[in-house]
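Secondary and tertiary structure notes
The lines below spell out each chain.
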Amino acid sequence: MGNRTVIPFGPQHPVLPEPIHLDLMLEDERVVEAIPRIGYIHRGLEKLVEKKDFQQYTYVAERICGICSFMHGMGYCMTIESIMDIKIPERAEFLRTIWAELSRMHSHLLWLGLSADAFGFESLHMHTWRLREQVLDIFEETTGGRVIFSVCEIGGVRKDISPETLDKIDRILTDMEKELKEITHVFLSDSSVKYRTKGIGVLSKQAAFDLGAVGPMAKASGIKRDLRTQGYAAYGKLKFEPIIETDGDSYARTSVRIKEVFQAVDLIKQAIAIIPEGGINVKVTGNPNGEYFTRVEQPRGSAMYYVKASGSKFLDRFRVRTPTFANVPALLETLKGCSLADVPILILTIDPCISCTER
Amino acid sequence: MNFIKKSPWILHYDGSSCNGCDIEVLASLTPLYDVERFGIINTGNPKHADILLITGSVNEQNIPVVKQLYEQMAEPKAVVAVGICATSGGIFAECYNVVGGVDKVLSVDVYVPGCAARPEAVIDGVVKALGILEQKQKRMRKRKYR
Ligand code: SF4
């Protein structure tokens, strides 16, 4: 048995865009245990419901996390709409779906880039981020913002997309698909990339289930769980199958995310083909009264929103459980027994979003 | 400024931002904006960095981290606060765990507004910080030869 060494990892570390601290217990080069320490980004935004009224809070909800900002806004709005029994126009539901899937594309491309950076493939990182900019351009054209666009509101959406722009998005996505194929091919077949991902950080199906993993983490271990099949927003009217892989290693997780990018392209195209005419929002009167629980499939997995209101402008309680929070136990499991050099890529493999986790 | 005399290296630290500003900082390093072509690099090592770029507000737990990072940097150094969170706390100013903008802990040289701050604005902020770095350097030289 070798000597035990403790290596502190974070809070400031080159591969981590966000601060999280891990104490890595090492035996020679092997990690035997990882102890997380969090709280660097905690803001306490759930309590902000007492200071901002339920309409204003939409903008706070969007800032739970800047990467899946739209989905957080949507989840919050859906919860309030369910409490207040608001039926939003069908066109708004389709627009929400389009933006949500674009967010998924942008988030997965961002992750692919960061993971390429983590295993030292700089040019691949740059290429994926170059493609990601095209998605951001669509955001900017349709909403005005690049990452936070505050376009979701209670009762619908705030902006419409004209038929010409929808056509244009369709065309951009068709062109993008070719480039995406080229780049994702590298992730899936380049031998040096495969060397860093194949068989690394294996999470068995049973472990994924027991530890409550969500999103690509669970899907890569063979658990078929995708909340979009509930049919919220316009997902009920689109055809898709949850993507699963069975190997449970980093390679499988990369592959799930890549397939989800293409799935998102397909879903957006389907939505553009059948989007109905009509209004985009309804007027909201009164205050919410009651409680509700919504689940939304984010790029990183299922997020849950809980709201309790008692008929006043200010909500009693807002609670969100985000996917990274659910994936941390699974991460600690995969870290056990890995070598020190694989730690960065394993931390990235859950697609950590610390600002979601700590709120 | 028509040309830059120095390619500053940047140390990015995420205070308690929502990620919106972080990904915009990273976006300014990648192909569309590409400041790397001017030799501006995002380094992970405070000892190599000239400019400390902070996104997000500070709280009790990260104040020591921010201070430590700043102290480890070599003189002359500049601090750029990116986003309205880093400037004043922004939308989260009323949260119980937010102390306020970065200027509660360090003296900030450049404030970059926006929520999220756009890459153009971030780059502009870094260019401003370059000018400040130069002044600081001049002052340091004077002190040395007196
Ligand atoms: S300024 Fe806005 S986008 Fe930037 S970290 Fe703060 S809330 Fe997020």
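Described below are features of the structure shown in this document. The model shown is predicted, which means the values in this text are computed figures rather than measured ones. (Residues numbered from 1 in each chain as written. Chains lettered and ligands numbered in written order. Predicted model: local features only at pLDDT ≥ 70, side-chain atom pairs only at ≥ 80, totals over all residues. Heavy atoms only, no water.)

**Structural notes on the pattern of salt bridges**
- Across all of its chains, the model carries 25 salt bridges over all chains by this definition.
- Its salt-bridge partner being arginine 118 of chain B, residue glutamate 140 of chain A comes within 3.0 Å of it at the nearest N-O pair. With one member in each of two chains, glutamate 140 of chain A in helix 4 (residues 122–143) and arginine 118 of chain B in the loop between strand 5 (110–112) and helix 4 (119–145) form a pair that bridges those chains.
- Take glutamate 140 of chain A: its relative accessible area is 28%, and that puts it in the partly exposed class.
- Accessibility expressed as a relative area gives 28% for arginine 118 of chain B, which makes it partly exposed.
- Across the pair arginine 146 of chain A and glutamate 24 of chain B runs a salt bridge whose closest N-O atoms are separated by 2.8 Å. Of the two residues, arginine 146 of chain A is situated in the loop between helix 4 and strand 4 (152–153) and glutamate 24 of chain B in helix 1 (residues 20–27); the pairing between them involves two chains.
- Judged by its relative accessible area of 3%, arginine 146 of chain A falls in the buried class.
- Residue classification places glutamate 24 of chain B among the buried residues on the basis of a relative accessible area of 1%.
- When salt bridges with common partners are traced through the structure, they connect Glu101, Arg104, Lys219, Asp226, Arg228, Glu260 and Glu297 of chain A into a single cluster. (Salt bridge = Lys/Arg side-chain N within 4 Å of Asp/Glu carboxyl O. Helix = DSSP H or I, 4+ residues; strand = E, 2+ residues; numbered from the N terminus. Buried < 20%, exposed > 50% of the residue type's maximum accessible area, 1.4 Å probe, protein only.)

**As for the sheet that holds strand 3 (residues 51–55) of chain B**
All names here are of chain B.
- A sheet is described by the order of its strands in space; here 5 strands give the open sequence 2-1-3-4-5, paired in parallel fashion. If you trace the sheet from one side to the other, it starts and ends with strand 2 (41–43) and strand 5, each paired once. Taken over all neighbouring pairs, the strand axes of this sheet differ in orientation by 30° on average, direction set aside.
- For strand 4 (residues 78–82) and strand 5, the ladder comprises 3 bridges, and the chain directions are parallel. Pairing of valine 80 across the sheet is with valine 110, part of strand 5.
- Sheet strands in contact with helix 2 (residues 63–72) are strand 1 (9–14), strand 3 and strand 4, and its direction is about 170° off that of strand 1.
- Sitting on the sheet, helix 4 touches strand 1, strand 3, strand 4 and strand 5, and the angle it makes with strand 5 is about 180°. (Pairing = 2+ DSSP bridges. Axes fitted to C-alpha atoms, helices over the stretch in contact; angles between N-to-C directions. Contact = heavy atoms within 4.5 Å.)

**Quick notes on the packing of helix 5 (residues 163–189) of chain A against helix 9 (residues 250–274) of chain A**
All names here are of chain A.
- Helix 9 packs onto helix 5 with a crossing angle of 165° between their chain directions and a minimal axis gap of 10 Å. In terms of orientation, helix 5 lies roughly antiparallel with respect to helix 9. In terms of crossing hand, the pair formed by helix 5 and helix 9 is left-handed. For the pair formed by helix 5 and helix 9, the contact residues are Leu166, Ile169, Asp170, Leu173, Thr174, Glu177, Leu180, Lys181, Thr184, Phe187 and Leu188 on the first element and Tyr251, Thr254, Ser255, Ile258, Val261, Phe262, Val265, Ile268, Lys269 and Ile272 on the second.
- For the contact of helix 5 with helix 9, a count of residues per class yields 13 nonpolar, 4 polar and 4 charged. (Parallel < 35°, antiparallel > 145°, perpendicular 65-115°, else oblique. Left-handed = near helix turned anticlockwise from the far one by under 90°. Nonpolar A, V, L, I, M, F, W, Y, C, P; charged D, E, K, R; others polar.)

**Re the site of the ligand**
- Residues in close proximity to the ligand total 13 residues, the closest being Ser17, Cys18, Cys21, Cys85 and Cys115 of chain B.
- Neighbouring residues of the ligand are not confined to a single chain but are spread across chains A and B.
- Put simply, the parts of the chain that give the shell around the ligand at least two residues each are helix 1 and helix 3 (83–88) of chain B.
- A total of 3 residues in the shell around the ligand trace back to one element, the largest contributor, which is helix 3 of chain B.
- Here the shell around the ligand is composed, by residue class, of 8 nonpolar, 4 polar and 1 charged. (Near = heavy atom within 4 Å.)

**Comments concerning the packing of aromatic side chains**
All names here are of chain A.
- Evaluated as defined, the whole model comprises 8 aromatic pairs over all chains.
- An angle of 90° between the planes, with centres 5.5 Å apart, marks the rings of tyrosine 76 and phenylalanine 318 as edge-to-face. You can see tyrosine 76 sitting in helix 2 (residues 69–83) and its partner phenylalanine 318 sitting in strand 8 (residues 317–321), a full 242 residues away along the chain.
- On the basis of an interplanar angle of 65° and a centroid distance of 6.1 Å, the ring pair of tyrosine 235 and phenylalanine 240 is categorised as edge-to-face.
- Given the relative accessible area of 2%, tyrosine 235 is considered buried.
- Each member of the aromatic cluster is reached from another via a ring pair, and the members are Phe70, Trp99, Phe139 and Phe149. (Phe/Tyr/Trp six-rings, centres within 6.5 Å; stacked < 30°, edge-to-face > 60°.)

**So, helix 3 (residues 90–118) of chain A**
- For helix 3 of chain A, which comprises 29 residues, the first-to-last C-alpha distance of 42 Å matches the rise-based estimate of 42 Å (1.5 Å per residue) to within 8%.
- Among the residues trailing helix 3 of chain A, glycine 120 of chain A stands out with phi positive, at a value near 80°. (Expected span 1.5 Å × (residues − 1).)

**Some remarks on the nonpolar core**
- One finds Tyr76 and Met105 of chain A to be the most contacted residues of the largest nonpolar core, which totals 119 residues.
- Here this core takes 15 residues from helix 3 of chain A, the largest share from any one element.
- Beyond its immediate stretch of four places on either side in the chain, methionine 105 of chain A contacts Val135, Leu173, Met176, Leu180, Val261, Ala264, Val265 and Ile268 of chain A.
- Formed by 47 residues, the second largest nonpolar core is a distinct cluster that contains Leu203, Ala330 and Val343 of chain A together with Met73 of chain B. (Core = buried A, V, L, I, M, F, W, Y, C linked by side-chain atoms within 4.5 Å.)

**As for the packing of helix 3 of chain A against helix 5 of chain A**
Residues and elements named next belong to chain A.
- For the pair helix 3 and helix 5, the least separation of the axes is 13 Å and the interaxial angle reads 25°. Taken together, the axes of helix 3 and helix 5 are roughly parallel relative to one another. Considering how the two elements wind past one another, helix 3 and helix 5 form a crossing that is left-handed. Listed contacts from helix 5 to Arg91, Ile98, Met105, Leu109, Leu112, Ser115 and Ala116 of helix 3 are Leu166, Leu173, Met176, Leu180 and Phe187.
- Class assignment for the residues of the contact of helix 3 with helix 5 results in 10 nonpolar, 1 polar and 1 charged.

**Thoughts on the pairing of strand 7 (residues 301–310) of chain A**
All names here are of chain A.
- Strand 7 sits mainly inside the fold: 7 of its 10 residues count as buried.
- In this antiparallel pair of consecutive strands, strand 6 (residues 289–298) and strand 7, the connection spans 2 residues.
- Bridging between strand 7 and strand 8 involves 5 bridges; their strand directions are antiparallel. For tyrosine 306, the partnering residue across the bridge sits in strand 8 and is arginine 319.
- Hairpin connection, strand 7 to strand 8: the antiparallel pair is bridged by 6 residues, and glycine 311 has positive phi, about 80°.

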